[in-house]
Amino acid sequence: MRKIFNIPVNKVIPGINTIIRAQGIPAGINPDERTLKLAQEAISIFTKLAKPTGIIMELSKEDFNEIYPGEGQNASSTPVEQIYKKSNDLALYAVTIEEEICEKISDQFSIGEYALGLMLDTVASEGTELTAQALEEIYKEHLININRFNGDYGILRFSPGYCGWHISGQKKLFKSLHPEDIGIELNSSFLMQPLKSISGIIISGKKEIFKFDDSFPFCADCATHSCMERIEKIQKQ
Amino acid sequence: MDIIKEISKNLESGNTGEVVKLTEKAISDHIDVKIILNEGLIGGMSIVGERFKNHEIFLPDVLLAAKAMNAAMDILKPLLIKGDVPGLGKVVIGTVQGDLHDIGKNLVAILLKGAGFEVIDLGKDVAPEKFLDVAESENAEVVGMSALLTTTMPVMKTVIERAKARGFFGKKKFIIGGAPLSADYAREIGADAYCYDGMNAVDTVKQLLKVG
């Protein structure tokens, strides 16, 4: 399967609390009316301009064996490598919310609307993440429909640039997936344009293959350790 | 309440319209532009900075105050130039070549301006020589570089090496910031400081230039 999906924007609108927390306002503190108004305005612009689109392509473990090493700069041991080798199904993916919203963010900073610009940047980043999540859901539904996913299974996404998979891994991923077909280009620094884009691998398999500790050497540099929440979520599903 | 205090108070609240109106009134009342700048605007932004550090206000409030500050500065700037009023210092800032992430860099530029520094924002994807050419031609005291990718952070080292080759390393201060960076990396490449966020960048530049 290789398919392009246009995802309805109303499915990828971030929640107001997520946006507020991303501004550094801690849970338990109620934002003032002005901040809430800015968040609503950012959501409204996002809803008008974002065009969430994704591309997904199934591939075999053998095919991914060729892609994963990238340019030879991955960490010597990574969770991605450990997991994909024990997986049942794999799919490369890329998502974007397209360029117009990125331009709008820059415009806000140019005209001095810094607070709205930052708020819109947050909404766009979270919206892109939700687009990737929506694509993961689509893939999961597909696997369920062909009887390759049930309650014993889990699904997880990884991207080059994280968890020991070097960002230069984008090069081979792009060569195989061709996200250009949905308007995503890769520059010489392996940076995607539009900036609000995500690419990577979706891994599906038995729940137990997703168990790992965040004790890899590169985990020390990770600010979020969000993998732990994601693994926990799989085990609870 | 005197007009300078009113400017400061309205700036703290991010009331751009009021700050602009009061600044215009202060000028027409022949109040010294240095007092409007230092006590009204920079004074107001200092309080904003302190309240932010104490978690009494948050980033959107700081950015609304910065918008008010910059709008007032547009009115004051011609008078400051005419009166030969020296600024706190000049900073050239940009996102390094190959990198297009500019939100963090924008925030640092906004906060430095708000603190009273003159900021020349070179934008994103900035070539090493451009940082140095502009720093030299504008006689800037500080060069600020931002990167968000491990593949683009080595450009910072190139800038510093070329500054050494051009003979102005040590004469200008080099600061760096961005998610993959650290104080260790700053030391490794010979930068003067690593800044972990916008407010820290303001404090760092003040310390490096011994101002404020």
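Because the structure is a prediction, the values reported are computed rather than measured.

Q: Help me out: how do you make sense of the interface of chain A and chain B in this one?
A: Often the size quoted for an interface is simply the accessible area lost on bringing the parts together. The interface of chain A with chain B comprises 27 residues on the first partner and 24 residues on the second. Interface area, chain A with chain B, both sides summed: about 2100 Å², of which 68% is carbon and sulfur. Our count for the chain A to chain B interface comes out at two salt bridges. For Arg34 of chain A, the salt bridge goes to Asp61 of chain B, with nearest N and O atoms at 3.4 Å. Taken together, the connections running from chain A to chain B amount to seven residue pairs in polar contact (both at pLDDT 80 or more). Considering every element that reaches the side of chain A that touches chain B, the biggest residue donor is helix α6 (residues 114-145) of chain A, with five residues. Partitioning the side of chain A that touches chain B into residue classes produces 14 nonpolar, nine polar and four charged.

Q: Would you explain the sheet that holds strand β1 (residues 90-95) of chain B in this entry?
A: Across a sheet, strands are paired by hydrogen bonds formed along the backbone, either parallel or antiparallel in direction. Residue and element names in this part refer to chain B. Spatially, β2-β1-β3-β4-β5 is the arrangement adopted by the five strands of the open sheet, whose pairing is parallel. Looking at the sheet topology across the chains shown, the edges are occupied by β2 (118-121) and β5 (193-194). Sheet analysis places β1 next to strand β3 (residues 142-146), joined by five bridges and oriented parallel. Looking at β3, one finds that Thr95 is bridged to Ser146. Contacts from helix α7 (residues 154-165) reach β3 and β4 (173-177) within the one sheet, and its direction differs from that of β4 by about 175 degrees.

Q: So what exactly am I meant to see when it comes to unusual backbone geometry here?
A: Backbone phi values are negative for most residues with the exception of glycine, while trans is the configuration of most peptide bonds. All names here are of chain A. Here the residue pair Gln193 and Pro194 is connected by a cis peptide bond, since its omega of 0 degrees sits within 30 degrees of zero. By the secondary structure assignment, Pro194 is in the loop between β6 (192-193) and β7 (197-206). Positive phi is not limited to glycine here, since Cys163 has a value of about 55 degrees. The exposure class assigned to Cys163 is partly exposed, which follows from its relative accessible area of 25%. If you check the backbone angles, His225 has positive phi at about 50 degrees while not being a glycine.

Q: Got a minute to help me understand the packing of aromatic side chains in this structure?
A: We describe a pair of aromatic rings using the distance from one ring centre to the other and the angle between the two ring planes. Counted by the stated rule, this structure contains 10 aromatic pairs over all chains. For the ring pair Phe149 of chain A and Tyr153 of chain A, a centre distance of 5.9 Å and an interplane angle of 45 degrees mean the geometry is tilted. Taking the relative accessible area as the measure of exposure, Phe149 of chain A reaches 10% and is therefore buried. Given a relative accessible area of 13%, Tyr153 of chain A falls into the buried group. Ring-pair connections join several aromatic residues into one group, and the members of that group are Phe64, Tyr68, Tyr84 and Trp165 of chain A. Lys164 of chain B extends its terminal NZ or CZ atom over the ring of Phe169 of chain B, reaching a point 5.0 Å from the ring centre.

Q: Would you mind showing me how to read the nonpolar core here?
A: Note that soluble globular proteins tend to have their nonpolar side chains buried in a common cluster. Formed by 93 residues in total, the largest nonpolar core has its most connected members in Phe46 of chain A together with Leu41 of chain B. For this core, the element with the highest residue contribution is α6 of chain A, accounting for 13 residues. Shared between two domains, this core takes at least three residues from each, and those domains are domain 1 (2-82) and domain 2 (90-209) of chain B. Other than its neighbours up to four places away in sequence, Leu41 of chain B contacts Ile7, Leu11, Val19, Ile36, Met69, Ala72, Met73 and Leu76 of chain B. Judged by nonpolar contacts, the second largest core, of 31 residues, contains Ile83, Phe158, Ile203 and Cys219 of chain A.

Q: I would appreciate a short explanation of the pattern of salt bridges in the present structure.
A: Between side chains of opposite charge, pairing is possible as soon as their charged atoms come close. Residues and elements named next belong to chain B. Applying the stated criterion across every chain yields a total of 25 salt bridges over all chains. Linking Glu136 and Arg166 is a salt bridge whose minimum nitrogen-to-oxygen distance equals 2.7 Å. With a gap of 30 residues between them, Glu136 in helix α6 (residues 128-137) and Arg166 in the loop between α7 and β4 connect regions that are remote in the sequence. Its relative accessible area of 44% is what places Glu136 among the partly exposed residues.

Q: I'm lost on the layout of surface pockets in this one. Help?
A: The gaps of empty space that remain are located by a probe, the size of a water molecule, rolled over the atoms. All names here are of chain B. For the second largest pocket, the calculated volume is near 710 Å³. Contributing to the lining of the second largest pocket are 26 residues, with Met73, Lys77, Gly116, Phe117 and Glu118 lying nearest its centre. Breaking the lining of the second largest pocket down by element, the ones donating at least two residues are α3 (33-53), α4 (59-82) and β2. Residues of the lining of the second largest pocket, tallied by class, amount to 11 nonpolar, six polar and nine charged.

Rules used throughout
- Residues numbered from 1 in each chain as written.
- Chains lettered and ligands numbered in written order.
- Predicted model: local features only at pLDDT ≥ 70, side-chain atom pairs only at ≥ 80, totals over all residues.
- Heavy atoms only, no water.
- Contact = heavy atoms within 4.5 Å.
- Buried area = accessible area lost by both parts, 1.4 Å probe.
- Salt bridge = Lys/Arg side-chain N within 4 Å of Asp/Glu carboxyl O.
- Polar contact = N/O pair within 3.5 Å; in protein donor to acceptor, adjacent residues only side chain to side chain.
- Helix = DSSP H or I, 4+ residues; strand = E, 2+ residues; numbered from the N terminus.
- Nonpolar A, V, L, I, M, F, W, Y, C, P; charged D, E, K, R; others polar.
- Pairing = 2+ DSSP bridges.
- Axes fitted to C-alpha atoms, helices over the stretch in contact; angles between N-to-C directions.
- Buried < 20%, exposed > 50% of the residue type's maximum accessible area, 1.4 Å probe, protein only.
- Phe/Tyr/Trp six-rings, centres within 6.5 Å; stacked < 30°, edge-to-face > 60°.
- Lys NZ or Arg CZ within 6 Å of the ring centre and 35° of its normal.
- Core = buried A, V, L, I, M, F, W, Y, C linked by side-chain atoms within 4.5 Å.
- Domains from an automatic or database assignment.
- 1 Å grid on protein atoms, 1.4 Å probe; cavity = no way out; pocket = protein on both sides within 12 Å on 5 of 7 lines; lining within 4 Å.
- Points joined across faces, edges and corners; volume = space filled by probe spheres on them.

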